[in-house]
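Results of the structural survey
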Amino acid sequence: MPADHMEKTVPTVVPARPPNSEGERKSTNFHPSLWGDFFLNYEPPTAPQQACMKGRAEVLREEVRTLLKGLKEVQKILDITMAIQRLGLDMYYVNEINELLHFVYSSDYNDKDLNLVSLRFYLLRKNGYNMSSGIFLSFKDNEGNFIVDDTRSLLNLYNAASLRVYGEKVLDEAATFTISRLEGVLESSDSILSTEVSFALEAPIFRRARIVEMRNYIPIYEIEATRNETILEFAKLNFNLLQLLYCEELNKITLWWKELKVKSNLSFSRDRIVEMYFWMNGALYEPHYSHSRIILTRVTAFMTIIDDIFDTYGTTEESMLLAEAINRWDESTIGLLPEYIRGFYAYLLKTFDSFEEELGPEKRYRLKRLVQAYTKELKWRDEDYTPKTLEEHFEVSMRSSGGFTLAAASFVGMDDIATKDIFEWILSYPSLFKTFDIFVRLSNDIVSNKREQTGDHYASTIQCYMKEHGTTIHDTYQRLRELIEDSWKDMVEHCTNPIDDQPLIVPQTVVNFARTVTTMYTHGDAFTSSHTIKEMISSIYVVPIQV
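Residues numbered from 1 in each chain as written. Predicted model: local features only at pLDDT ≥ 70, side-chain atom pairs only at ≥ 80, totals over all residues. Heavy atoms only, no water.

Under an unreviewed UniProt entry, the name given to the protein chain is Terpene synthase, and the source organism is Oryza glumipatula.

The structure is reproduced here in structure tokens:
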């Protein structure tokens, strides 16, 4: 598809000081890969074993379908629907769940039961129903405090509040109230819900990456008194089958990465191919998006290398030569590049040409817009310039976050979604993608600020906001976290009340990316310091669940 929005000439940058000499080149000091060739040596179960797993899973899948068709009670429908979604099984029952939720929406229910009201609100709004938050006003006392008697209701109210949009004061208050109460519950409770409370305080269900939530919720569901054994067994088998698929993809991806490293000098860059795949897998976990996951992981790999050249390893002159080569997108420019970049650039062209061969030249997608933003930030760094306002900063740093580049690239591999009209609309950079870019930029800057500002780096949103408003760093963090919450409200609005006439899969995919950002940046920058998520990655790709 035409990518006219990415064809602009890269602006010439004249550094205010000379580029670093080779002898002054900064050390990257990124810790090495935690996975090495682990997935290159992956050996799947035998064909008969896999056939047995798939056969049993298909039987269970139809048994669960029969179960869903027989549900008539509102509370039971809500409980089972919630469980199925958290277990990652909802992709098999789209029609059945839609019918059940329509039944719930049209049926009478006990509006005095906070647990039921919260769960009903969450599931219906999440699935596009027009729900009023005013119903929660009846659960406040004369002093304005919420009346909550049990932890389960508290958790469901917290999850309902995560779907708030602008102007919903009662849900803003519910979010503040539930977080405070859940912190108290965690300190004093050893109940069966303590694990749930711990996960909730990291992120409400709506903001959790689906594959992570799936893996974490299976052992929680297994000890619930109301569990359904058929659903539980299907969830375990389904997870193990997905794990096999993901490992096959990781095998292909790591083989490709190894070839790239052989043909390019990448000793300076972050060796994070498994973490890159995990990030993209979190955004698109469904089996039929295998092609998109592989494309996205390769795009992420190239973005990471380019970022490390611009941000950490390359001199200004070298970075600008790479920017010009990417703008021209032609093999004739290879000879103009520094020796250590040539192999990488040639492989970049080769890989993107292969995308066009697979998908068709009308689905062309490149990295020019991202690199344009990198060059502007390079100028800020070399001139020691801090943008006067946060808005001025966002004009560049939204694009350099990479959020739009990845979210847009995800649709390139979706043959059922990426029509010419939709892709051209995405490339017009509508408000949904601007919001997501702001979300990514702020999430990254908050956790990376201390590390990045110790070296030669352009001013982040942190420094910019402090300069504009004269605030302390503590107050700045607080304000930027509020802007992140505003971004979530915008994304929820797009999912529950689409502003643009586009398929719901578009905002839902953007939200999936936002969920993975939340996962990666909850406890620092887990991409750069990936040891913090090693156990999480192992639980998803290495250790199967016992059925």
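**Notes on the overall build of the protein chain**
A tally of helices and strands in the protein chain yields 22 helices and zero strands. Taking 547 residues into account, the globule formula puts the C-alpha radius of gyration at 24 Å, and the protein chain, at 24 Å, falls close to it. Expressed along its principal axes, the backbone C-alpha trace of the protein chain runs to roughly 70 × 65 × 45 Å. Each of the 547 residues in the protein chain was classed as buried or not, and the buried ones make up 57%. Looking at the protein chain as shown, the accessible area adds up to about 23,200 Å², and 50% of this sits on carbon and sulfur atoms. When the 59 positive and 80 negative side-chain charges of the protein chain are each reduced to one mean point, those points stand 1 Å apart. (Helix = DSSP H or I, 4+ residues; strand = E, 2+ residues; numbered from the N terminus. Rg over C-alpha atoms; globule rule 2.2 N^0.38 Å. Buried < 20%, exposed > 50% of the residue type's maximum accessible area, 1.4 Å probe, protein only. Areas by Shrake-Rupley, 256 points an atom, 1.4 Å probe, with all protein chains shown as cover. Lys, Arg positive; Asp, Glu negative; His and termini not counted. Charge placed at Lys NZ, Arg CZ, Asp CG, Glu CD.)

**Quick word on unusual backbone geometry**
The phi torsion at tryptophan 329 lies on the positive side, around 50°, for a residue other than glycine. A relative accessible area of 10% means that tryptophan 329 is categorised as buried. Backbone geometry places aspartate 384, a non-glycine residue, at a positive phi of 50°. For aspartate 384, a relative accessible area of 63% puts it in the exposed group.

**Things to note about a negative patch on the surface**
A contiguous patch of negative charge, built from Asp330, Glu331, Asp353 and Glu357, is present on the exposed surface. Secondary-structure assignment places aspartate 330 in the loop between α12 (316-328) and α13 (339-359). Note on aspartate 330: relative accessible area 36%, which makes it partly exposed. (Patch = residues over 30% accessible without salt bridge, like charges linked within 9 Å, V, L, I, M, F, W, Y side chains within 5 Å. Salt bridge = Lys/Arg side-chain N within 4 Å of Asp/Glu carboxyl O.)

**Here we look at the nonpolar core**
If you look at the biggest cluster of nonpolar residues, it comprises 177 residues, and the most contacted ones within it are Phe433, Phe436 and Tyr541. No other element matches helix α9 (residues 229-263), which puts 16 residues into this core. There are two domains that each give this core at least three residues, and those are domain 1 (50-235) and domain 2 (264-540). Contacts of phenylalanine 436, omitting those with residues within four sequence positions, involve Gly403, Phe404, Ala407, Met491, Val510, Phe513, Ala514 and Val517. (Core = buried A, V, L, I, M, F, W, Y, C linked by side-chain atoms within 4.5 Å. Domains from an automatic or database assignment. Contact = heavy atoms within 4.5 Å.)

**Remarks on the packing of aromatic side chains**
Counted by the stated rule, this structure contains 34 aromatic pairs. Considering the side-chain rings of tyrosine 217 and tyrosine 221, the 5.8 Å spacing of their centres and the 40° angle between planes classify their relative orientation as tilted. You can see tyrosine 217 and its partner tyrosine 221 sitting in helix α8 (residues 210-222), four residues apart, about one turn around the helix. Its relative accessible area of 3% is what places tyrosine 221 among the buried residues. Residues phenylalanine 278 and tyrosine 541 carry aromatic rings whose centres are separated by 6.5 Å and whose planes lie at 85° to one another, so their mutual orientation is edge-to-face. (Phe/Tyr/Trp six-rings, centres within 6.5 Å; stacked < 30°, edge-to-face > 60°.)

**Some points on the environment of isoleucine 80**
Within the secondary structure, isoleucine 80 is located in helix α2 (residues 74-86). Each residue touching isoleucine 80, except ones within four places of it in the same chain, is listed here: Leu67, Leu68, Leu71 and Ile231.

**What to know about the packing of helix α19 (residues 461-469) against helix α20 (residues 473-496)**
Close contact between α19 and α20 brings their axes to 10 Å; oriented N to C, the two are set at 110°. Overall, the two elements α19 and α20 adopt an arrangement that is roughly perpendicular. At the point where α19 passes α20, the crossing takes the right-handed sense. Mapping the contact onto sequence places Thr461, Ile462, Tyr465 and Met466 in α19 and Ile473, Thr476, Tyr477, Arg479 and Leu480 in α20. Among the residues forming the contact of α19 with α20, the class breakdown is six nonpolar, two polar and one charged. (Axes fitted to C-alpha atoms, helices over the stretch in contact; angles between N-to-C directions. Parallel < 35°, antiparallel > 145°, perpendicular 65-115°, else oblique. Left-handed = near helix turned anticlockwise from the far one by under 90°. Nonpolar A, V, L, I, M, F, W, Y, C, P; charged D, E, K, R; others polar.)

**What about the confidence of the model for the protein chain?**
Mean pLDDT over the protein chain: 89, with 91% of residues reaching 70 or higher. Residue range residues 1-23 is modelled with pLDDT below 50. Its contacts to residues more than four positions away, or to other chains, number 55 contacts. (pLDDT = per-residue confidence, 0-100.)

**Brief notes about the environment of arginine 369**
For arginine 369, the position within the fold is in helix α14 (residues 368-382). The exposure class assigned to arginine 369 is buried, which follows from its relative accessible area of 7%. Residues arginine 369 and asparagine 327, 42 residues apart in the sequence, show an inter-C-alpha distance of 9.0 Å.

**What to know about helix α15 (residues 390-400)**
Structural remark: α-helix, 3.6 residues per turn; residues separated by three or four positions point the same way. All of the buried residues in α15 are Leu390, His393, Phe394, Val396, Ser397, Met398 and Ser400. Glycine 402 sits one or two positions beyond α15 and adopts a positive phi of about 85°.

**Comments concerning the pattern of salt bridges**
Oppositely charged side chains are able to pair whenever their charged atoms sit close together. The tally for this structure, following the rule as stated, stands at 29 salt bridges. Ionic pairing is found between arginine 61 and glutamate 58, a salt bridge with its closest N-O pair at 4.0 Å. On the criterion of helical spacing, the pair formed by arginine 61 and glutamate 58 is a turn pair, its members being three residues apart in helix α1 (residues 47-69). The partly exposed category is assigned to arginine 61, whose relative accessible area is 25%. For glutamate 58, a relative accessible area of 38% translates into the label partly exposed. The network of salt bridges with shared partners includes Arg86, Arg152, Glu196, Arg208, Glu213 and Glu224.

**Regarding the domain arrangement of the protein chain**
Splitting the protein chain by domain gives domain 1 (50-235) and domain 2 (264-540). With centres defined by C-alpha atoms, the gap from domain 1 to domain 2 works out at 31 Å. Across the boundary between the two partners, domain 1 contributes 22 residues, which contact 25 residues of domain 2. Carbon and sulfur atoms supply 63% of the area buried between domain 1 and domain 2, which totals about 2,300 Å² over both sides. Sorting the residues of domain 1 by area buried against domain 2 places Tyr166, Arg207 and Ile211 first, and these three jointly supply 30% of that buried surface. At the boundary of domain 1 with domain 2, the tally comes to three salt bridges. Two residues, arginine 207 and glutamate 485, come together in a salt bridge whose shortest N-O distance is 2.9 Å. Looking at the side of domain 1 that touches domain 2, the element that brings in the most residues is α8, giving five residues. (Buried area = accessible area lost by both parts, 1.4 Å probe.)

**Some words on the side chain of histidine 494**
Note that histidine 494 resides in helix α20. One polar contact links histidine 494 to serine 431, side chain to side chain, over a distance of 3.4 Å. Other than its neighbours up to four places away in sequence, histidine 494 contacts Ser431, Leu432, Ile499, Asp500, Leu504 and Pro507. (Polar contact = N/O pair within 3.5 Å; in protein donor to acceptor, adjacent residues only side chain to side chain.)

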